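Examination of the molecular architecture
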Amino acid sequence: MRPISPPVTPPATETATEAAAQPEATRETATAPSRLPRAVFRRAVRSGVWKRGPVLTGAALLLGLVMLLHAQIPNRLGSLGSLVETFLPWFGLFVPVLAAGALWRRSASAVIALVLPVTVWLSLFGGLLGDKSASGGDLTVATHNVGADNPDPVGTAHDLIASGVDVLALEEIAEDDRAVYEKELAGAYPHHTVQGTVGLWSRLPLSDTRPVDIATDYGPLADTKPADVQLAGNRALRTTVATDRGPLVVYVAHLGSVRLTPRDGFWTGSRDRNAQALGEVLAADRSERVMLLGDLNGTLDDRALSGITSRLRSAQDAAGDGFGFTWPATFPVARIDQILVRGVEPTGSWVLPATGSDHLPVAAGVSW
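Here goes a summary of the coordinates provided. (Residues numbered from 1 in each chain as written. Predicted model: local features only at pLDDT ≥ 70, side-chain atom pairs only at ≥ 80, totals over all residues. Heavy atoms only, no water.)

Here we look at the overall build of the protein
Scanning the protein for helices and strands turns up 12 helices and 14 strands. Buried positions account for 43% of the 368 residues belonging to the protein. Counted over contacts in the protein with a minimum sequence separation of 6, partners at least 24 positions apart contribute 71%. (Helix = DSSP H or I, 4+ residues; strand = E, 2+ residues; numbered from the N terminus. Buried < 20%, exposed > 50% of the residue type's maximum accessible area, 1.4 Å probe, protein only. Contact = heavy atoms within 4.5 Å.)

Considering the packing of helix α7 (residues 153-162) against helix α8 (residues 178-185)
The contact between α7 and α8 brings their axes to 9 Å, and the two run at 35°. Note that α7 runs across α8; the crossing there is right-handed. When α7 is examined against α8, the residues P153, V154, T156, A157, H158 and I161 are found in contact with a partner set consisting of V180, Y181, E184 and L185. The residue makeup of the contact of α7 with α8, split by class, is 7 nonpolar, 2 polar and 1 charged. (Axes fitted to C-alpha atoms, helices over the stretch in contact; angles between N-to-C directions. Left-handed = near helix turned anticlockwise from the far one by under 90°. Nonpolar A, V, L, I, M, F, W, Y, C, P; charged D, E, K, R; others polar.)

As for the nonpolar core
Judged by nonpolar contacts, the single largest core of 20 residues is most densely connected at V141, L200, V250, V252, M291, L293 and I339. Elements with a contribution of two residues or more to this core: β1 (139-145), β2 (167-171), β4 (198-202), β6 (236-243), β7 (246-254), β10 (290-295), β12 (337-342) and β14 (362-367). One finds A215, A236, V249 and I308 within the second-largest nonpolar core, a separate group that totals 19 residues. (Core = buried A, V, L, I, M, F, W, Y, C linked by side-chain atoms within 4.5 Å.)

Thoughts on the pairing of strand β3 (residues 191-195)
Strand direction decides the pairing type here: β3 and β4, joined by 5 bridges, are antiparallel. Bridging from a neighbouring strand, H191 pairs with S202 of β4. From the end of β3 to the start of β4, which pair antiparallel, there are 2 residues, and G196 there has a positive phi angle of about 75°. (Pairing = 2+ DSSP bridges.)

Quick word on the pattern of salt bridges
A full pass over the atoms with the stated rule returns 10 salt bridges. Here R271 makes a salt bridge to D272, at a shortest N to O gap of 2.7 Å. On the accessibility criterion, D272 (24% relative accessible area) is partly exposed. (Salt bridge = Lys/Arg side-chain N within 4 Å of Asp/Glu carboxyl O.)

Topic: the side chain of D295
Examined against the element boundaries, D295 turns out to sit in strand β10. Side-chain polar atoms of D295 contact the side chain of N145, separated by 2.8 Å. If we ignore the near neighbours within four places in the chain, the residues touching D295 are N145, E171, A253, H254, L255, I336, D337 and H359. (Polar contact = N/O pair within 3.5 Å; in protein donor to acceptor, adjacent residues only side chain to side chain.)

Description of the sheet that holds β2
With mixed pairing, 6 strands are arranged side by side in an open sheet as β3-β4-β2-β1-β14-β13. Bordering the open sheet on either side are β3 and β13 (345-351), each of which pairs with just one other strand. Adjacent strand axes in the sheet meet at a mean angle of 15° when their direction is disregarded. In the sheet, β1 pairs with β2 via 5 bridges, with the strands oriented parallel. Across the sheet, the residue bridging to N145 is E171, located in β2.

Section: unusual backbone geometry
When glycine is set aside, most residues are seen to have a negative phi, and most peptide bonds are trans. The residue after W327, namely P328, is reached through a cis peptide bond having omega -15°. Note that P328 resides in the loop between α12 (315-319) and β12. Positive phi, normally seen in glycine, also occurs at R106, with a value near 55°. Along the chain, R106 falls in the loop between α4 (94-105) and α5 (108-113). Judged by its relative accessible area of 58%, R106 falls in the exposed class. In this structure, A215 is a non-glycine residue whose phi angle is positive, near 60°. One can find A215 in the loop between β5 (206-211) and α9 (227-232).

Some remarks on the environment of S357
Looking at where S357 falls in the secondary structure, it is placed in the loop between β13 and β14. Expressed as a C-alpha distance, the spacing of S357 and A329, which sit 28 residues apart in the sequence, is 7.4 Å. The residues contacting S357, other than those within four sequence positions of it, are H144, N145, V146, G147, N150 and A329. Here the side chain of S357 touches N145 through a polar contact of 2.6 Å, landing on its backbone oxygen. Here the side chain of S357 touches H359 through a polar contact of 3.0 Å, landing on its backbone nitrogen.

A closer look at the sheet that holds β7
Read across the open sheet, the 6 strands follow the order β5-β6-β7-β10-β12-β11; overall the sheet is mixed. Only two strands of the sheet have a single partner each, and these edge strands are β5 and β11 (313-314). Across 4 bridges, the pairing between β5 and β6 is antiparallel. Looking at the pairing, R210 lines up with R238 of β6.

So this is what it looks like as structure tokens:
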């Protein structure tokens, strides 16, 4: 008989090697997906998309910070803060410019940095992009800086009558044009008052009318001027309109002009003084329903008007369509003509067609 051979077993070293190799392969297969994002990230970093466009990235971040911290920009140097706030909505135009540059440079960091200015701009002005007007309203009002150099006051008066509003405020009424407006508007508005360079025409009765001191005459000689001289230069009034829903206190104001000059920068001295004085008057008025109509020579973002805007709200913001820019009439870039209210609900706000003035008139409807 042939002897039986013992079973052949693999060498121990070979078995151990295979056993060790099998878990390693399994481990590599299991960890491959987790390594993929890191590989993609490293490849993206090496490709330079995060390193491109550092200037664009910095500009996007700076734009967002300027809009976010506009109230912190000092006014000590040429009223820089007020200048920025006057044109704050237009800063949004830099976003598509920077976005186009970021895409052209294929800069991922610049694209991500643009999230900041976009978010800030939408938080500040996104609410103005839609139409918030509603139908109806108990009273319609309008205000218009008719312009002292208006070449056609008769045509301007007729244009304003055609608006059909119940109460109409005019600012910057030239002495030579006062009689023209009084004559042309008398048929549509039987009740009116003119106090210096501002006036109010109404289909409803007026009472308790008086000029309002907004520190127009300023300085050591201001109190020495005769009363008629002071009234001639008066730029604000207060009156009460008798409505079916009760009395409505109406202020008409024309704050001081602003100037942009190489020497003084954005000069707002008289405007700021007038705004502060008017804010104090409004704070002292405890009437339930108050309305301010006029040319404030400033946007509602301007910190100089905070004494006014903290006590009244904008009809345009509450019930308008868009930004409602009013100046200059040929190409409006800012809304400096305002309708502000307290105690009544705006139902609509709109800009009226151009007249012979360099301002556009604005109108609003309110309800009780």
